[in-house]
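What follows is the residue order along each chain.
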Amino acid sequence: MAEAQKMAVSDEVAIQITGMNKWYGQFHVLRDIDMTVNRGERIVICGPSGSGKSTLIRCINRLEEHQSGHIVVDGTELTSDLKNIDKVRSEVGMVFQHFNLFPHLTILENCTLAPIWVRKIPKKEAEETAMHFLRKVKIPEQANKYPGQLSGGQQQRVAIARSLCMRPRIMLFDEPTSALDPEMIKEVLDTMIELAQEGMTMLCVTHEMGFAQAVANRVIFMDKGQIVEQNEPKEFFSNPQSDRTKLFLSQILGH
Amino acid sequence: MAESFVRKEMLEAQAPPASQAGAIAWVRENLFSGPLNTILTLLGIVVIYWLISTSLPWWLNGVWNASSLSECRSIVAASAGEGATGACWAMLRERWHQFIFGFYPPESYWRPILAFVLLFVALAPVLFTSVPRKALWFTAIYPALCFWLLWGGPIWTPIVAMMGFVILGLAVVYLSSYLGAPGSAAAGVVAAVLWWLFLQGPVAGFLASNLPFGLASVNSDRFGGFLLAITIGVTAIGCSLPIGIILALGRQSNMVIVKALSVAFIEFIRGVPLITLLFTASLLLQYFLPPNTNFDIILRVIILVTFFAAAYLAEVIRGGLAALPRGQYEAADALGLDYWQAQRLIILPQALKISIPGIVSSFIGLFKDTTLVAFVGLMDPLKGVTQIVRADMNWKGIYWEPYIFVGAIFFIICFGMSRYSMYLERKLKTDHR
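Quick caveat, the model's predicted, so the values are computed rather than measured. (Residues numbered from 1 in each chain as written. Chains lettered and ligands numbered in written order. Predicted model: local features only at pLDDT ≥ 70, side-chain atom pairs only at ≥ 80, totals over all residues. Heavy atoms only, no water.)

A. Quick look at the packing of aromatic side chains. The final tally for this structure, using the stated rule, is 26 aromatic pairs over all chains. Arranged with centres 5.5 Å apart and planes meeting at 75°, the rings of B:Phe99 and B:Phe405 form a pair that is edge-to-face. With B:Phe99 in helix α4 (residues 90-101) and B:Phe405 in helix α15 (residues 400-427), the pair connects residues that are 306 residues apart, well separated along the chain. For B:Phe99, a relative accessible area of 0% puts it in the buried group. Relative to B:Phe223, the ring of B:Tyr104 lies with its centre 5.5 Å away and its plane at 80°, an arrangement referred to as edge-to-face. Of this pair, B:Tyr104 sits in the loop between α4 and α5 (110-127) while B:Phe223 sits in the loop between β2 (214-215) and α8 (225-252), placing them 119 residues apart in sequence. Like B:Phe223, B:Tyr104 is buried. Among the aromatic residues, ring-to-ring pairing joins B:Trp58, B:Trp59, B:Trp64 and B:Trp89 into one connected group. Taking NZ or CZ as reference, A:Arg162 lies 4.6 Å from the ring centre of A:Phe102, over its face. (Phe/Tyr/Trp six-rings, centres within 6.5 Å; stacked < 30°, edge-to-face > 60°. Helix = DSSP H or I, 4+ residues; strand = E, 2+ residues; numbered from the N terminus. Buried < 20%, exposed > 50% of the residue type's maximum accessible area, 1.4 Å probe, protein only. Lys NZ or Arg CZ within 6 Å of the ring centre and 35° of its normal.)

Structure (structure tokens):
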């Protein structure tokens, strides 16, 4: 926990969301979201299922479209302009619940594909970068295997390495450990903690409260498409203010 | 009371019991595992025996040297006794060239043969990744070369026609930085079409009159047999796959007009029998084209057979696209790949791999459907050539032999395609499920 204090947060704004609303047909999924993320922040977003937490972070790289309000990522506003969307997507890495590795490509090819085609980096250089990040997530020896030959935890670490190969300034994690066996959760969390300690701006949807306490500088609790409560982790867990938060915490920490 | 237990050593894996292996175990397991299976096995043996015993004499008494069907029959009667049956392969010995080439001029047989051999050279880099990629250049020029070999005429016609594609390519390469990929492709297509419509004829004519170099030209009505079937089949297979992919993507598109056009095309073409389309090719197109345009009948048939196959392929490929999890699209988007990059690098390689069995079975169906061109007066190997052979007094009444011969060749080609698809599936299997 001492580590968490060491990790600096700058004043520079990385993501600015103002008055953002989103509907799925008639269903109002995200209601009036206001949120500022500074560079170097590690934010954990939690809440009951259907609260809109995944949808919120998927709006940040425009996997979901918002209908009103503004989202500005790294100074680029997300509109229907495809150029802006591609720019934001190449700056923002994303890790999914089900890894979403490309099964027809080797681990190395998974990691070099986007740098080669989007960033136009020469193949040789992209492979060196990929090996660097594969060593970082501790699976360089799997580079020439296919995703189907790896365990879930290994696949998720490859997915993290694949995102890092694009040298993103912001990382989004959408329930990265929910599809993993208990024995594999730790290896993925360790990788994420290491990343946080290096100063990566991270938004993470997760129910790993241990992770939140270890690295987050802010915890956001969402319910019914709204931000219900946010605080630094210590206060959030020891002294929750709203009744909904108290109920949620008692249910996930109660046993 | 619960008993406590702690394992001291972990168990090693052991070999399975021996009664599970061996030939006798296999026979008992697979052929005689119960009363019903035993009866079915015996019944199967009886049927196989009956089939062989009735047809074997016909095969064994086959005659290769004769000049007519009646001579065949007298030879069989002389050697195997009165009333015996025997195949008359002598017909093939005399007429095999018509089954293969139709009425193609015999002194030019080397041209289709060379084109056929070069077909494999052109296909090799497409079918097998171990062949050097540079060989694809030959694949690119093969269609023009093949056209020239088969139909003959001045060499400038195919070269000048290929120039249209070169213009298209140059436009994409040099204009893409100003107009973007779709803009430059559109400009290239417009330039190429203008070239084909207005400049190709005069330029080719000018070159042909000043540098006369070419082969004797062969008219389309001389084509027949497997030369015709393979020409139509291979061209339609080669062209229908890209069109099918475009249609499948169009059907999934968010753009309303693109989607509507793709759906309309697919549903209309699939909803109409192939023979209707062939009649359209042979009769109706003449009404729509300007008078005096000589639009080759084989070319017209190829275009409509291609459309027909493309509509089916589009649906097969759409099945493959639908089988991919949404996460693949999202991961490609999240990495910043644009639509065409995502399709080319992530989506299509996986969707096409899933669709291989369906695609190849469409190809096999298409190849066999080429025999339907008999209905528009073309000389397909099954009906067209066979009828011509039987019209000869010497071979009147010959029935099984031509069909067996044609069927055998179709089987060899289709079986080859099927085996290749299985090889490809094994090679591309990377999911290790």
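B. Focus on the interface of chain B and chain A. The interface of chain B with chain A comprises 20 residues on the first partner and 23 residues on the second. For the pairing of chain B and chain A, the buried interface totals around 2,000 Å² over both sides, and the portion due to carbon and sulfur atoms is 63%. The largest contributions to the chain B side of the interface with chain A come from B:Ala334, B:Leu335 and B:Thr430, which together make up 29% of the buried area. Our count for the chain B to chain A interface comes out at one salt bridge. Notably, a salt bridge pairs A:Arg58 with B:Glu330, separated by 2.6 Å at the nearest N-O pair. At the boundary of chain B and chain A, one finds six residue pairs in polar contact (both at pLDDT 80 or more). Of all the secondary structure elements, the ones that give two or more residues to the side of chain B that touches chain A are α12 (326-334) and α13 (339-369) of chain B. Looking at the side of chain B that touches chain A element by element, the count peaks at seven residues for α12(B). Tallied by class, the residues present in the side of chain B that touches chain A amount to eight nonpolar, seven polar and five charged. (Contact = heavy atoms within 4.5 Å. Buried area = accessible area lost by both parts, 1.4 Å probe. Salt bridge = Lys/Arg side-chain N within 4 Å of Asp/Glu carboxyl O. Polar contact = N/O pair within 3.5 Å; in protein donor to acceptor, adjacent residues only side chain to side chain. Nonpolar A, V, L, I, M, F, W, Y, C, P; charged D, E, K, R; others polar.)

C. Structural view of the sheet that holds strand β8 (residues 201-205) of chain A. Residues and elements named next belong to chain A. Strand order in the open sheet formed by six strands is β6-β7-β8-β3-β9-β10, and the pairing between neighbours is mixed. The open sheet has two edge strands, β6 (92-95) and β10 (226-231), and neither has a second partner. Between one strand axis and the next, the sheet turns through 20° on average, direction left out of account. Pairing analysis gives four bridges linking strand β3 (residues 42-46) to strand β9 (residues 218-223), with the strands arranged parallel. Bridge pairing in β9 places isoleucine 43 opposite arginine 218. The sheet contacts of helix α2 (residues 53-60) involve β3, β6, β7 (170-174), β8 and β9, and relative to β7 the element is tilted by about 150°. Where helix α3 (residues 82-91) meets the sheet, its contacts fall on β6 and β7, and the angle it forms with β6 comes to roughly 65°. (Pairing = 2+ DSSP bridges. Axes fitted to C-alpha atoms, helices over the stretch in contact; angles between N-to-C directions.)

D. Fine view of the domain arrangement of chain B. Domain boundaries in chain B define domain 1 (98-104 + 220-428) and domain 2 (153-215). Taking only C-alpha atoms, the centre of domain 1 of chain B and the centre of domain 2 of chain B are 26 Å apart. (Domains from an automatic or database assignment.)

E. Looking closely at the state of the cysteines. Residue and element names in this part refer to chain B. According to the stated counting rule, one finds one disulfide over all chains in the structure shown. A disulfide bridge connects cysteine 72 with cysteine 88, and the sulfur atoms are separated by 1.9 Å. With the S-S dihedral at roughly 70°, the linkage between cysteine 72 and cysteine 88 falls on the right-handed side. Residue cysteine 72 is located in helix α3 (residues 69-80), and its partner cysteine 88 is located in the loop between α3 and α4; the two are separated by 16 residues in the primary sequence. (Disulfide = S-S within 2.5 Å.)

F. Just the side chain of A:Thr191, in detail. Residue and element names in this part refer to chain A. For threonine 191, the location among the structural elements is in helix α7 (residues 182-197). For threonine 191, a relative accessible area of 11% puts it in the buried group. Once you skip the residues sitting within four places of it in the chain, threonine 191 turns out to touch Val137, Arg157 and Ile160.

G. Summary view of the pairing of strand β1 (residues 13-24) of chain A. Residue and element names in this part refer to chain A. For β1 and strand β2 (residues 27-38), the ladder comprises eight bridges, and the chain directions are antiparallel. Each residue of the ladder has a partner; that of valine 13, found in β2, is asparagine 38. Hairpin connection between β1 and β2: a loop of two residues separates the two successive antiparallel strands, and glycine 25 in this loop has a positive phi of roughly 60°.

H. Examining a nonpolar patch on the surface more closely. Residues and elements named next belong to chain B. A cluster of nonpolar side chains, Val47, Ile48, Trp50, Leu51, Ile52, Leu56, Trp59 and Leu60, forms an exposed patch at the surface whose accessible area comes to about 850 Å². Within the secondary structure, leucine 51 sits in helix α2 (residues 35-60). Since its relative accessible area comes to 47%, leucine 51 is described here as partly exposed. (Patch = residues over 30% accessible without salt bridge, like charges linked within 9 Å, V, L, I, M, F, W, Y side chains within 5 Å. Areas by Shrake-Rupley, 256 points an atom, 1.4 Å probe, with all protein chains shown as cover.)

I. Focus on unusual backbone geometry. Residues and elements named next belong to chain A. Positioned with a positive phi, phenylalanine 99 is a non-glycine residue whose angle comes to about 65°. Here phenylalanine 99 lies in the loop between β6 and α4 (107-117). Overall, phenylalanine 99 belongs to the buried group, its relative accessible area being 12%. Look at glutamate 175: it is not a glycine, yet its phi comes out positive at around 45°. Its place among the elements puts glutamate 175 in the loop between β7 and α7.

J. Looking closely at the packing of α4(A) against helix α6 (residues 152-164) of chain A. Residue and element names in this part refer to chain A. The geometry of α4 relative to α6 is characterised by a closest axis approach of 8 Å and an angle of 25° between their N-to-C directions. As the angle between them shows, α4 and α6 are arranged roughly parallel. In this structure, α4 crosses over α6, and the sense of that crossing is right-handed. Two secondary-structure elements touch here, α4 through Ile107, Asn110 and Cys111 and α6 through Val158, Ala161 and Arg162. Residues belonging to the contact of α4 with α6 are distributed by class as follows: four nonpolar, one polar and one charged. (Parallel < 35°, antiparallel > 145°, perpendicular 65-115°, else oblique. Left-handed = near helix turned anticlockwise from the far one by under 90°.)

K. Highlighting the packing of α6(A) against α7(A). Residue and element names in this part refer to chain A. Where α6 meets α7, the closest approach of the two axes is 8 Å, and the angle between their N-to-C directions is 20°. The orientation of α6 with respect to α7, classified from their angle, is roughly parallel. In the crossing of α6 with α7, the sense of the turn from one axis to the other is right-handed. On α7, the residues touching Gly152, Gly153, Gln154, Gln156, Arg157, Ile160 and Leu164 of α6 are Met184, Glu187, Val188, Thr191, Met192 and Leu195.

L. Quick look at the pattern of salt bridges. Under the counting rule described, the total for this entry stands at 23 salt bridges over all chains. When the shortest N-O distance is used, the salt bridge between A:Asp223 and A:Arg244 registers 2.9 Å. Separated by 21 residues along the polypeptide, A:Asp223 in strand β9 and A:Arg244 in helix α10 (residues 243-253) bring together distant segments of the chain. By relative accessible area, which is 12% here, A:Asp223 ends up buried. Through salt bridges with shared partners, a single network forms among A:Lys22, A:Arg58, A:Glu64, B:Arg326 and B:Glu330.

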